[in-house]
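Listed below are the residues making up each chain.
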Amino acid sequence: MAIEDNPQSRVRYGEELRRLREAASLTQEELSQRAVMSRTHIAHIEAGRRRPDVDDARRLDQVLGTGGFFVRFLPTLDGRKVAEHFKEALEFEGKATVIKEYAPTLVPGILQTKAYAYEVLSSAYPRTSDEERDKLLATRLERARILDNFHSPEVCAMLDEAVLRRVVGETEVMCEQLRHIVELSESRRIRVHVLPFSAGAHPLQEGFLSLMWFAELPPIAYAEGVNSGRILELPSAVRDCQEIYDHVLGDALSHRKSLDLLRAVAEDYEHEAQRAQHP
């Protein structure tokens, strides 16, 4: 039977794999060849940093003769909550070499300006104290520092048109936020695509999705809904998310047309702010 996935369960799972591997007098490299897995992946499993998928667990059982142990006690990711596990998602984000995100309603965290992030965090529920909000704000701004490195990670952001049209804070905040995205795009630091309202219904409309690739680890997906989120590591589930993302991206505006729309909407916000100041 499966057990709930958490850092402790993965550490115990990894320790048992190492114990049984050593009992079989196998090195990580020898086990990787027999189980058709990379040595690096086995090392991460033994260290409690990653989990195998079901097929990997079956091969481990077969090679080590453990009678289904690794399948029965495979930590499951079902039901994971953002409040408990978002820290792990942040750790993945910091190690990623490629990040592709779809945002349905709000600007993704790593692209948010300070003023925009402040408004988002101030509207959160359950409510937080000013001190707690400021700590969250500092964390969010620190996340954006991954963009300081021009070469890595590569970032592609697909924004629903609702992200542009939803006024978060004052119009000045929105103007600054959209122009920040344009600046990042013009400097070739990110690529951005806007999914227009005219695209209609689509498979990603129910929530935020982040796809991440790594230098030495298998890719993952992070899906988020209302006060909940889940990291997906099973290769089949990650592939499904990648295919859905690519499918929806096909209906998005080109990078150049997306920038034109971002500039136009930012200009509209600027004019609206000027009219409010000088009625």
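See the structure above.
Residues numbered from 1 in each chain as written. Predicted model: local features only at pLDDT ≥ 70, side-chain atom pairs only at ≥ 80, totals over all residues. Heavy atoms only, no water.

Bringing the packing of aromatic side chains into the picture now. The full count for this structure, using the stated rule, is 4 aromatic pairs. Considering the side-chain rings of F69 and F70, the 5.1 Å spacing of their centres and the 85 degrees angle between planes classify their relative orientation as edge-to-face. By relative accessible area, which is 0% here, F70 ends up buried. Following the ring pairs from residue to residue traces out a cluster consisting of Y13, F69, F70 and F73. (Phe/Tyr/Trp six-rings, centres within 6.5 Å; stacked < 30°, edge-to-face > 60°. Buried < 20%, exposed > 50% of the residue type's maximum accessible area, 1.4 Å probe, protein only.)

With that out of the way, let us pick up the pairing of strand 5 (residues 190-195). Burial within strand 5 is extensive, with 5 of its 6 residues counted as buried. Where strand 4 (residues 154-160) meets strand 5, 6 bridges bridge the pair, whose relative direction is parallel. Bridge assignment links M158 to a residue of strand 5, and that residue is H193. (Helix = DSSP H or I, 4+ residues; strand = E, 2+ residues; numbered from the N terminus. Pairing = 2+ DSSP bridges.)

Now for the sheet that holds strand 7 (residues 220-225). The strand order across the open sheet built from 6 strands is 5-4-3-6-7-8, with neighbouring strands paired in mixed fashion. Here the strands that pair on one side only, and so sit at the sheet edges, are strand 5 and strand 8 (228-232). Sheet twist, expressed as the average angle between the axes of neighbouring strands with direction ignored, equals 10 degrees. One ladder, built from 5 bridges, connects strand 3 (residues 98-103) with strand 6 (residues 208-213); its direction is antiparallel. Across the sheet, the residue bridging to V98 is W213, located in strand 6. Where helix 10 (residues 171-186) meets the sheet, it contacts strand 4 and strand 5, and its direction lies at approximately 130 degrees from that of strand 5. Against the sheet, helix 11 (residues 235-249) touches strand 3, strand 4, strand 5, strand 6, strand 7 and strand 8, its axis set at about 115 degrees to strand 6. (Axes fitted to C-alpha atoms, helices over the stretch in contact; angles between N-to-C directions. Contact = heavy atoms within 4.5 Å.)

Treat this as a map of the structure, not an account of what it does.
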